[in-house]
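Listed below, chain by chain, are the residues.
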Amino acid sequence: MGMVSRILAALLASLCLFGAARAETQKDVHIGVLAFRGAEEAERTWQSTFDHLGRTLPQYRFHLVSGTAAFLTAAVAAHRLDFLITNPGHYLELKVDYSASALATEQDLEGPTPSEAVGAAVFVLDDHPEIQSLADLRNLRVAAVAPDAFGYRAALREIMERGVDPERDTKQVFVGFPVDEVMRAVRDRRADAGIIRSCALEKLLAEGAIQKDEFRVIGRRPSGALNCQVSTRLYPGWPFVKVAQTPAPLARQIAQALFGMQPGQDEKAWTQPDAYGSVQDLYRTLKVGPYAPFTRLGLADFVVEHRYIAALIGLGLIWWLTHVVRVSYLVRKRTHELQLAHEAARQRGEQMEHTVRLSLMGEMASSLAHEINQPLAAILTYARGCERRIESGADPASLRDAVQRIAVQAERAGDIVRRMKDFVRKNPAPQVPIDPAAALHDAVALFEPTATAAGVIVESEIPDTLPAIRADRLQLEEVVINLLQNALEAISAQDDKQIIMRVRGDRDRLHISVADNGPGLAPEAREHLFDPFYTTKKNGLGLGLSLSRTIVEAHGGRLLVETDPAGMTNFRFYLPLIEEPARV
Ligand code: ADP
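Everything quoted here is computed from the prediction, not taken from an experiment. Counting starts from 1 at the beginning of each chain's written sequence and moves along it residue by residue. Reporting in this predicted model follows two pLDDT cut-offs: at least 70 for local features of residues, and 80 or more for side-chain atom pairs to be given and counted; totals over whole chains, interfaces and linings ignore these cut-offs and use all residues. Water and hydrogen atoms play no part in the side-chain values, which are based on all heavy atoms of the structure.

### Some thoughts on the overall build of the protein
Logical step 1: Runs of E in the DSSP output that reach at least two residues are strands. Runs of H or I that reach at least four are helices, and both are numbered from the N terminus. Of the regular secondary structure elements, the protein holds 18 helices and 18 strands.
Logical step 2: On C-alpha atoms alone, the protein measures out to a radius of gyration of 56 Å, which is more than a quarter above the 25 Å that the 2.2 N^0.38 rule sets for 584 residues.
Logical step 3: Overall, the C-alpha framework of the protein stretches about 180 × 75 × 55 Å when taken along its three principal axes.
Logical step 4: Relative to its 584 residues, the protein shows a buried fraction of 40%.
Logical step 5: Whether two residues are in contact is decided by their heavy atoms, any of which lying within 4.5 Å being enough. Look at the contacts in the protein between residues 6 or more apart in sequence, and 76% of them connect residues 24 or more apart. Using C-alpha atoms as the atom set, the radius of gyration is obtained and then compared with a globule rule of 2.2 Å times the number of residues to the power 0.38. Relative accessibility thresholds used throughout: buried, under 20% of the residue-type maximum; exposed, over 50%; partly exposed, between the two (1.4 Å probe, protein chains only).

### Here we look at the packing of helix α13 (residues 307–391) against helix α16 (residues 473–490)
Logical step 1: At their nearest, the axes of α13 and α16 sit 11 Å apart, and the two run at 50° to each other. When the axis of α13 is compared with that of α16, the two are oblique. As for the relative orientation of α13 and α16, their crossing is left-handed in sense. For the pair α13 and α16, the contacting residues are E353, V356, R357, L360, E363 and M364 in the first and L474, Q475, E478, I481, N482, Q485 and E489 in the second.
Logical step 2: Ten residues, namely Ala, Val, Leu, Ile, Met, Phe, Trp, Tyr, Cys and Pro, are considered nonpolar, four, namely Asp, Glu, Lys and Arg, are considered charged, and the remaining ones, Gly among them, are considered polar. Partitioning the contact of α13 with α16 into residue classes produces five nonpolar, three polar and five charged. Angles run from 0 to 180 degrees between N-to-C directions of axes, and those axes are lines fitted to C-alpha atoms, restricted for helices to the stretch in contact. Angles below 35 degrees are treated as roughly parallel, those above 145 as roughly antiparallel, those between 65 and 115 as roughly perpendicular, and all remaining angles as oblique. Crossings are sorted by hand: turned counterclockwise from the far helix by less than a right angle, the near helix makes the crossing left-handed, and turned clockwise it makes it right-handed.

### A closer look at the packing of aromatic side chains
Logical step 1: For Phe, Tyr and Trp, rings pair up if their centres lie within 6.5 Å, where Trp contributes its six-membered ring, and each pair is then called stacked (planes under 30 degrees apart), edge-to-face (over 60) or tilted (otherwise). If you walk through the whole model with that rule in mind, you get nine aromatic pairs.
Logical step 2: Where F123 meets F215, the ring centres are 5.2 Å apart and the plane angle is 85°; that geometry is what we call edge-to-face. In this pair, F123 is assigned in strand β5 (residues 120–125) and F215 in strand β9 (residues 215–218), connecting sequence segments 92 residues apart. Each member of the pair, F123 together with F215, is buried.
Logical step 3: Among the aromatic residues, ring-to-ring pairing joins W46, F83, W238, F240 and W270 into one connected group.
Logical step 4: Remark: a charge is flagged as sitting over a ring if the NZ atom of Lys or the CZ atom of Arg is within 6 Å of the ring centre and within 35 degrees of the ring normal. Sitting above the plane of the Y574 ring, R509 keeps its charged end 4.0 Å from the centroid.
Logical step 5: Positioned above the aromatic ring of F530, the side-chain terminus of R549 is 3.7 Å from the ring centre.

This is the structure:
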C-alpha cells in the first residue's frame, strides 16, 4: 500500500469514527409532512428543506414522516412529531386542538407572495361548452380528493357563494389521493367537473400527463403573482409548524435555519409566518374544522337535518306535556275531593262525639235533676224559715246565717247547671294547656249523683295538684264519664258494687284509670270493644269506647283495657304532659 493510500485510509477511518461519534450524540427530530401526491412526491418537494436543516444543524438527525392529515394528527396526539409541514387548514385544526404554532410560511422566491400562494381550480373537459361558471355545477357530478382537502374547501366556499350547495345540489365524487385521481375521474367522465389544488394542473401538464387543451378551468379569478389558473381566492402557503411540547430553543434554531435557506431552482424557501386569518375566515364560513361543533350544536340545523327524529321528539314532548297537564288536573281534583271527604268525616266525628255526650247526659239527666233538687229543697226550707222569723218580728241579724246557707246552696245548684251546660256544648275547642285536676274533679262531680242514685260510691283518688297537660277539657271529661258510666253499667246487676278511679302523674305522662269489680269482658267483647257500634247493651250506642280511644290518641296518648291483679276490669289511659322548658 502506498503512502498516499495509507494516508487516505487513515483519514477515512477517522472520518468514520467521527461520524459514529456524531451519530451517537445526534438528537432525533421528527418532522411530519402532509402527502397529497404520495410519500415520494412529498419527499421530493421538501428534500431541499431537509437537506438544508441537516447541513445547518448537524447536531440533529431529521426524520421525515409523511402521511395524510388524519395520520399526522394522530402522530401529534401521540407526541411522535416535533414539527410538521402541512396545509393551512390542517394547521388551523392543530392550532386549535393541540396548540400548535407556525414558525414559518413557505415562499416561492419567483412565485406568488406568501399570503396568496394556495387556492384551487375547478376544471372540466374542454368539450363541455355549457359549463362556464361555478353556478353551472348544479346537478352535476363533481370530483375531489376528499371532503377535508384544503383545495376542495377553498372551492366549496366559492361554489356556495354562487348559490349552489355542493352537498345538496351536486353529486360529489371523492376519489382519494393523489390529486391525479381527480384529473382521471374527469377524463374518464366519471365526473363532470373536478376540484384540484392550484398549480396541480400546470404541474401535470409540465409532466406531460395531460394535453394542452384537454381541460378548461371555470369560474376563473385573478391569481396575482401565482402563475396558475385558479377559481378561488388565494390563501397563504404551507406553514412549518411547531408542536406545543417542542422545546423553544430547538424551535428557534430551526426557524433561524429556515429563514437562512437559499433555495435553488424550483425549490421552496421559508419566510415569516403568516397569521392565517384568511384560512380561519374560510373555515368559519364553511363551519368546518375547529368551527364544526357550532354546526353540530345549532338546534335549527339539527332539526332540519333530523326532521323525522325531531318530529318524533316533538310528538313525544306534546304527549308528555298533555300527560303532565292531565295528571296534575286529576291530582288537584282528587285532592279537592279528599279535602271535602276529610271535612265531612271531621264533621261526622264531631257530630258523633256530641251524640255520645248527649246520650251520656241522658243517662245522667234524672240523677242530675235530683241533684239540683237537693239544693233547691234546702233553699226552700231556709227561705220558709226566714219568712217565719220575719213574721214573728225576729232581729234581721239572726237571719244572716240562713241567708248565707241559701247562697251556698244556690251556688251548688248553679255549679251543677254550669257543668251540664259545659258538657253538652257543641263546638269543639282547641287543645290548650289545662289543669287536669280541675277537669277531672268536674267530671266526677257531674257523674256522682248518677252513681249515688245507683247506690255506688265512686272511690276517686285525684291529687289536688297535677302537672299541666295540653287538652280539650270537654273531651277529657267525656272520656272519663264514659268510662265511669260503663263501669256503673257493668256492676249494676250485683250487690257488692265498686268503682275506683285513680289519677297519677309521672315524669312525662298523666295516668288515669277507672276500675270496676263487674263480671269482666267476654273474649268476644275484648276483641271488638273499641269497634264503633259494638255493644252488648239493649239501648247501647256502641260508640263510647271507640270515640274515647280516638280522643285519647288525638291527644297523643293510648287507651287500654286489662284485668288488674285484684280481678277488676281496668280501663286506663295516659296523656303526655306538657314538656318542661329545658333548664339552662
Ligand atoms: P256502649 O256502652 O254504648 O255499649 P261502648 O263502646 O262504651 O258502647 O262499649 C262497648 C261494649 O264494651 C259494651 O257494650 C260492653 O259490652 C263492653 N264494656 C265496656 N265497658 C265495660 C266494662 N267496664 N266491663 C265490661 N264490659 C264493658
